[in-house]
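Single-letter residue listing:
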Amino acid sequence: MKITFPYWGNYTVAFELLAKKLNLEVVPPEKTTPKTIEKGVKIAPEMYCFPLKVNLGNFLEAIERGADTIVMPTALGGSCRLRYYAFVQDKVLKENGKNVNFVIFDQSLDIFSKLKKLSKANIFKMIEATIFTLKALSIIEKIERKAQYLRPREIEKGDTDRVLISAFRRMREIEKFWDLLKFEKEIMKELNQIKIERKKVPRVGIVGEIYTVCDHAVNFGIEKKFGNLGVEVHREMSLLYHLKKKVFFKDFFIQRKIKPYLGSTVGGHGRDAIYEMLKYVKEGFDGVIQLLPSFCMPETSVRPILEKIHQETGIPFLSLSLDEQVAEAGIDTRIEAFVDVVKNYYQRKQKT
Amino acid sequence: MKIGIPRALIYWKRPYFWESFFENLGFETLLSPKTNKEIVETGVKISDPETCFSCKVFFGHLKWLEGKCDLIFVPRLKRKGNFEYCPKFFALPDLAKILVKTKILTETFDEKKEKFEESLVKLGKKLGKDEEKVKEAFKKALIKEKEIREKQEKETLERLNLNSKKIILISHPYNLYDEYVNLRIKERLEKLGVVPIFIEEIPNSKFQDPNKFQIPNSKFPSFHWEFAKEIMEKINFILSRKIDGAIEISSFACGCDAVLKEFVEKKFKEAKIPFLYLIIDEHTGEAGFQTRLEAFIDTIS
């Protein structure tokens, strides 16, 4: 049995480590390319949202390389379409003659029993693997955050990304928890050695749908693009943020904060987008950018509200919807224009 | 005081109910007119480009009501029993507040947390009416709704027993009853000599026996949407009767229909019944629509 799972930015490394830790034979998904998306779009339902199509592309490529079991994480609660991803993907793959096992990995407690069935690992092994993965996730997010700070300030352009690429390649080979800690120290040292100019730069906050925001392959490496244009990006939305929110019932506090704008949940991370935007405004950011897959139900519902905040506060705002028809050149133009607006706004603020 | 009700989207979930409820409470109500070209155009202009066509039509109606009444009623429908409404309904009152200057009258209807009647009492309080009056108005409105509903259901069952070709129309009530939006599909089908049956009008009470019409396998997910569950159950019922074809209509960019269509289509394919899927939006041309309907009717006769 060879398992595979959808590609999701740098988190893919952590998922791969988890599978290896549980002694599963794994076919790691390759980085999403326009070709992958094309393959997925060909067989996916036309009106479905974009991530499902990308995932299907990932699965098709993994199946070509010998995978026969697909582990698909979906949401248990929530009102958005993510709930039915695994069902629809299973159906679509079967209709196209790919006979694969589907393990639906929903965010409930029975993921443990499912994992047990899959890997035959005992409970201690599982707890160990979970802690290991959580640590790996936190390291990934730490590196990403550090890179967001470094990119606009580095003297030699591209230094940060060079370190990042080698870091994630090395990370895939780690087996022991101790090595993971050592790796964290090493990589932080390497990142700190990058020559930077300590200066104030304009800051932009990224809000939006979790998959597109975190996956640099789908959003054309938007963090890198902003960094190279001399803008520091901040991103609150991440996998650990989502998990923490579930554990600490943060939704309740978020709802209280955004009450004047939205009176209820709209599914997905709709409320978080408003909450984060308000937070960025409060902290004096110079722009907010929203990323969403085209026709994403929660994000399109809250977009008029984000636009209203933009009108009230005057903070520059750009919304980018991503799908299979979006070309990188178009995104580049819009980002460059937006960065100009951000820099103007930043300079005007500096003067006053 | 005049209360405006947009004749779109959530109105069609319970037509006649809201009007008669407010009238029983002693308010004047103003329904926006039937959808026309102007309403659709304003709706498309003011709403988010990526929201679904039905929402755009709704915002058009909302804009029409602006300034013509004192309050516009936009409820926040969240749950019916354990089942949710479309997530786009959740944000409607907040979006309405952004779009129009007239005050919005709203109340959350979450039947998992509190009874429908209790939410209505809260709504009544906002209008300065006491509990007894609200409950009385609710009962009266319910009776009126039931009368109309029963008449519809009786007619539908009669039509199901007819001998001519029957076609089931699957969609949300706001697509089925809004004649401008669905390009008068009922009339068109009748002209082509078939009997259209709205899935909405098939009585609910037919599924009281849980063993009889249960979905037997794991090939179909158990939906958490109220309309999806209803439609899937009604399809199970309709498959037990003789039916010649099925047409599903969905509005462009409807997220829920993207999921639902996959499984509705599968159901009819398994039963070997011809199935046509139509997407409607502001650009749908009448000629193209007619051609597709005619071609479909040719395949079933």
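Criteria and cut-off values
Residues numbered from 1 in each chain as written. Chains lettered and ligands numbered in written order. Predicted model: local features only at pLDDT ≥ 70, side-chain atom pairs only at ≥ 80, totals over all residues. Helix = DSSP H or I, 4+ residues; strand = E, 2+ residues; numbered from the N terminus. Rg over C-alpha atoms; globule rule 2.2 N^0.38 Å. Contact = placed C-beta atoms within 7 Å. Buried ≥ 20, exposed ≤ 12 C-beta atoms within 10 Å, placed from the backbone. Nonpolar A, V, L, I, M, F, W, Y, C, P; charged D, E, K, R; others polar. pLDDT = per-residue confidence, 0-100. Core = buried A, V, L, I, M, F, W, Y, C linked by C-beta atoms within 7 Å. Domains from an automatic or database assignment. Pairing = 2+ DSSP bridges. Axes fitted to C-alpha atoms, helices over the stretch in contact; angles between N-to-C directions. Expected span 1.5 Å × (residues − 1). Parallel < 35°, antiparallel > 145°, perpendicular 65-115°, else oblique.

Trainee: Give a description of the overall build of chain B that names residues and reports values.
Mentor: Counting its secondary structure elements, chain B contains 13 helices and eleven strands. Here the C-alpha radius of gyration of chain B, 20 Å, is about what a compact globule of 301 residues would show, namely 19 Å. In terms of its C-alpha atoms, chain B occupies a principal-axis envelope of roughly 55 × 45 × 35 Å. Of all intrachain contacts in chain B linking residues separated by at least 6 positions in sequence, the fraction that spans at least 24 positions is 74%.

Trainee: Give a detailed account of unusual backbone geometry, specifying residues and quantitative values.
Mentor: Trans peptide bonds make up the majority, and among non-glycine residues the majority have a negative phi. In this structure, phenylalanine 220 of chain A takes a positive phi of about 60° despite not being glycine. According to the C-beta neighbour criterion, phenylalanine 220 of chain A is partly exposed, with 17 such atoms within 10 Å. Notably, lysine 272 of chain B is not glycine yet its phi reads approximately 60°, a positive angle. Along the chain, lysine 272 of chain B turns up in the loop between helix 12 (255–270) and strand 11 (275–280). Owing to 7 C-beta atoms within 10 Å, lysine 272 of chain B belongs among the exposed residues under this scheme.

Trainee: So what's going on with the interface of chain B and chain A? Residues and values would help.
Mentor: With 23 residues of chain B at the interface, the matching set in chain A holds 30 residues. Where the side of chain B that touches chain A is concerned, the elements lending two or more residues are strand 4 (76–80), helix 5 (87–90), helix 6 (92–99) and helix 12 of chain B. For the side of chain B that touches chain A, the element with the most residues is helix 12 of chain B, which contributes five residues. Among the residues forming the side of chain B that touches chain A, the class breakdown is ten nonpolar, four polar and nine charged.

Trainee: Outline the confidence of the model for chain B, listing residues and values.
Mentor: Residues and elements named next belong to chain B. Averaged over every residue, the pLDDT of chain B is 89; residues scoring 70 or more account for 95%. Here residues 210–216 scores under 50 on pLDDT; set against residues more than four positions off or in separate chains, the count is seven contacts. Among the prediction metrics, the complex's ipTM stands at 0.92, with pTM recorded as 0.93.

Trainee: How would you sum up the nonpolar core? Please name residues and give values.
Mentor: In this structure, Ala14, Ile274 and Val288 of chain A together with Ile72, Leu169 and Ile231 of chain B are the most contacted members of the largest nonpolar core, which totals 175 residues. Apart from residues no more than four positions distant in its own chain, isoleucine 274 of chain A is found in contact with Ile258, Tyr261, Leu262, Val302, Ile305 and Leu306 of chain A.

Trainee: Would you mind going over the environment of arginine 188 of chain B in detail, with residue names and values included?
Mentor: Residues and elements named next belong to chain B. With respect to the secondary-structure elements, arginine 188 resides in helix 10 (residues 185–191). A residue is classified by how many C-beta atoms lie within 10 Å of it, and arginine 188, with 18 of them, is partly exposed. Each C-alpha atom of the pair arginine 188 and glutamate 84 lies 33 Å from the other, and the pair is 104 residues apart in sequence. Those residues in contact with arginine 188, other than ones at most four positions away along the chain, are Gln290 and Leu293.

Trainee: Describe the domain arrangement of chain A, listing the residues and the values that go with them.
Mentor: Residues and elements named next belong to chain A. Here chain A is partitioned into domain 1 (2–119), domain 2 (137–150 + 154–198) and domain 3 (200–352). Put simply, the middle of domain 1 and the middle of domain 2, counted by C-alpha atoms, are 27 Å apart. Tallying the contact residues gives six residues for domain 1 and seven residues for domain 2. The residue inventory of the side of domain 1 that touches domain 2, partitioned by class, reads four nonpolar, one polar and one charged.

Trainee: Which residues make up the domain arrangement of chain B, and what values do they have?
Mentor: Residue and element names in this part refer to chain B. By the assigned domains, chain B splits into domain 1 (2–144) and domain 2 (162–300). Computed from C-alpha atoms alone, the centre-to-centre distance between domain 1 and domain 2 is 26 Å. Contacts between the two partners involve 20 residues from domain 1, matched on the other side by 20 residues from domain 2. If you list the elements that add at least two residues to the side of domain 1 that touches domain 2, you get helix 1 (10–13), helix 3 (37–46), helix 4 (53–65) and strand 5 (83–84). With three residues, the top contributor of residues to the side of domain 1 that touches domain 2 is helix 4. Taken together, the residues of the side of domain 1 that touches domain 2 break down into eleven nonpolar, four polar and five charged.

Trainee: A description of the sheet that holds strand 3 (residues 69–74) of chain A should follow, citing residues and the corresponding values.
Mentor: Each strand in a sheet pairs with its neighbour through backbone hydrogen bonds, running either in the same direction (parallel) or in the opposite one (antiparallel). Residues and elements named next belong to chain A. Spatial ordering of the open sheet is given by 2-1-3-4, a layout of four strands whose pairing is parallel. Of all the strands in the sheet, just strand 2 (25–26) and strand 4 (101–106) have a single pairing partner and so form its edges. Relative to strand 4, strand 3 runs parallel, the two sharing six bridges. When the bridges of strand 4 are listed, threonine 74 appears paired with aspartate 106. Where helix 4 (residues 85–95) meets the sheet, it contacts strand 3 and strand 4, and its direction lies at approximately 150° from that of strand 3.

Trainee: Can you break down helix 13 (residues 270–282) of chain A residue by residue, with the values?
Mentor: Residues and elements named next belong to chain A. With 13 residues, helix 13 should reach 18 Å at 1.5 Å per residue; the first-to-last C-alpha distance of 19 Å fits that figure. Among the residues making up helix 13, those that are buried are Gly270, Arg271, Asp272, Ala273, Ile274, Tyr275, Glu276, Met277 and Tyr280. Packed against the buried residues of helix 13 are strand 5 (203–208), helix 12 (250–257), strand 7 (288–293) and helix 14 (297–313). Once helix 13 finishes, glycine 284 follows within two positions and takes phi at roughly 75°, a positive value.

Trainee: With reference to specific residues and values, describe the packing of helix 3 of chain B against helix 4 of chain B.
Mentor: Residue and element names in this part refer to chain B. Running from N to C, helix 3 and helix 4 point in directions that differ by 105°, and their axes come no closer than 7 Å. Taken as axis vectors, helix 3 and helix 4 run roughly perpendicular relative to one another. Residues Ile39, Val40, Thr42, Gly43, Val44 and Ile46 of helix 3 pack against Lys56, Val57, Phe59, Gly60, His61, Lys63 and Trp64 of helix 4. Of the residues contributing to the contact of helix 3 with helix 4, the split by class is seven nonpolar, four polar and two charged.

Trainee: Outline the sheet that holds strand 11 of chain B, supporting the account with residue identities and numerical values.
Mentor: Residues and elements named next belong to chain B. In spatial order, the strands read 9-8-10-11; together these four strands make up an open sheet with parallel pairing. Looking at the sheet topology across the chains shown, the edges are occupied by strand 9 (195–198) and strand 11. Ignoring strand direction, the axes of neighbouring strands in this sheet form an average angle of 25°. Relative to strand 11, strand 10 (residues 245–251) runs parallel, the two sharing six bridges. Bridge pairing links alanine 246 to phenylalanine 275 in strand 11.

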